[in-house]
Amino acid sequence: MAGIVVSPLGRIAEMAVRHGCREMLSLVARGQDFHRPGVIDATKHVTIGVNDISFAGTGDLIAPQEAHVAQIIDFARKWDRSRPLLVHCWMGISRSPAAALIAALAVAPDQDDEALVKRLRLASPFATPNTRIIEIGDEALSRQGRLVAAVRAIGRGADADGNAPFLLRLLQENERHAP
């Protein structure tokens, strides 16, 4: 089943092996070192150096920008979907769930934003997608505020310790067009 595995940094190797992932998107602070799992093809791994903040101008922290979200969209559209995509950040709670939503809409733009975000909440009671990434993604993907509204509607996720990876299932073509 095609899907996007969302993981905290500490469990990326386990999740890559368990789900058979060969492609990975990393959203981590600039300069944060980590080891790419050996099963991930180095040519199919992108690291985006952003901090988990929702506004610019916070000292040396890097706020997500349009160029970062464009990288997420471009990477997702190149994903062949034969195996799950692994998306991670430090805790797997904010940046990576936001990127997973953006990636899901990049590869299947005809799906309903509210239904997608509800699937995210069912998969993870802890996810609290980064609002800046969501707002930029909504604009970049011409969602006309639907993605922002859907994420606001689910609210903040439950408190978490950052050790709860999950799979965001992608709908098949026939499921996206069902009445």
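Residues numbered from 1 in each chain as written. Predicted model: local features only at pLDDT ≥ 70, side-chain atom pairs only at ≥ 80, totals over all residues. Heavy atoms only, no water.

(A) Geometry of the overall build of the protein. A tally of regular secondary structure across the protein gives seven helices and five strands. The N-to-C order of helical and strand elements in the protein reads β-α-β-β-α-β-α-α-α-α-β-α. Here the protein has a C-alpha radius of gyration of 15 Å; the compact-globule value for 179 residues is 16 Å, and the two agree. Expressed along its principal axes, the backbone C-alpha trace of the protein runs to roughly 45 × 40 × 30 Å. Within the protein, buried positions represent 51% of all 179 residues. Partitioning the intrachain contacts of the protein with sequence separation of at least 6 by distance along the chain shows that 69% fall at a separation of at least 24. Of the roughly 8,600 Å² of accessible surface on the protein, 52% is carried by carbon and sulfur atoms. Side chains of the protein carry 21 positive and 20 negative charges; the gap between the two charge centres is 3 Å. (Helix = DSSP H or I, 4+ residues; strand = E, 2+ residues; numbered from the N terminus. Rg over C-alpha atoms; globule rule 2.2 N^0.38 Å. Buried < 20%, exposed > 50% of the residue type's maximum accessible area, 1.4 Å probe, protein only. Contact = heavy atoms within 4.5 Å. Areas by Shrake-Rupley, 256 points an atom, 1.4 Å probe, with all protein chains shown as cover. Lys, Arg positive; Asp, Glu negative; His and termini not counted. Charge placed at Lys NZ, Arg CZ, Asp CG, Glu CD.)

(B) View of the state of the cysteines. Taken as a whole and assessed by the stated rule, the structure comprises zero disulfides. Just so you know, Cys 21 is unpaired, no disulfide at all, and the nearest cysteine sulfur is the one on Cys 89, 15 Å from it. By relative accessible area, which is 0% here, Cys 21 ends up buried. Owing to a relative accessible area of 2%, Cys 89 belongs among the buried residues under this scheme. (Disulfide = S-S within 2.5 Å.)

(C) Local environment of the packing of helix H5 (residues 131-140) against helix H6 (residues 146-154). Look at H5 against H6: their axes get within 8 Å of each other, and the N-to-C directions meet at 150°. Judged by the inter-axis angle, H5 sits roughly antiparallel to H6. Note on element contacts: H6 touches H5 through Arg 146, Leu 147, Val 148, Val 151 and Arg 152, opposite Ile 134, Glu 135 and Asp 138. Across the contact of H5 with H6, the residue classes break down as four nonpolar, no polar and four charged. (Axes fitted to C-alpha atoms, helices over the stretch in contact; angles between N-to-C directions. Parallel < 35°, antiparallel > 145°, perpendicular 65-115°, else oblique. Nonpolar A, V, L, I, M, F, W, Y, C, P; charged D, E, K, R; others polar.)

(D) The side chain of His 88, seen in detail. For His 88, the position within the fold is in strand E4 (residues 85-89). The exposure class of His 88 is buried, given its relative accessible area of 0%. Each residue touching His 88, except ones within four places of it in the same chain, is listed here: Ser 7, Leu 9, Ile 12, Met 24, Leu 25, Ser 26, Leu 27, Val 28, Phe 34 and Ser 96.

(E) Highlighting the pattern of salt bridges. Per the counting criterion, the structure on display carries seven salt bridges. Between Arg 11 and Glu 14 there is a salt bridge; the shortest N-O distance is 2.9 Å. By relative accessible area, which is 19% here, Arg 11 ends up buried. With relative accessibility at 32%, the residue Glu 14 sits in the partly exposed group. When the shortest N-O distance is used, the salt bridge between Arg 146 and Asp 113 registers 3.2 Å. Residue Arg 146 is found in helix H6, and its partner Asp 113 is found in helix H4 (residues 113-123); the two are separated by 33 residues along the sequence. Since its relative accessible area comes to 39%, Arg 146 is described here as partly exposed. You can call Asp 113 buried: its relative accessible area is 3%. Within the structure, one salt-bridge network assembled from shared partners comprises Arg 11, Glu 14 and Arg 18. (Salt bridge = Lys/Arg side-chain N within 4 Å of Asp/Glu carboxyl O.)

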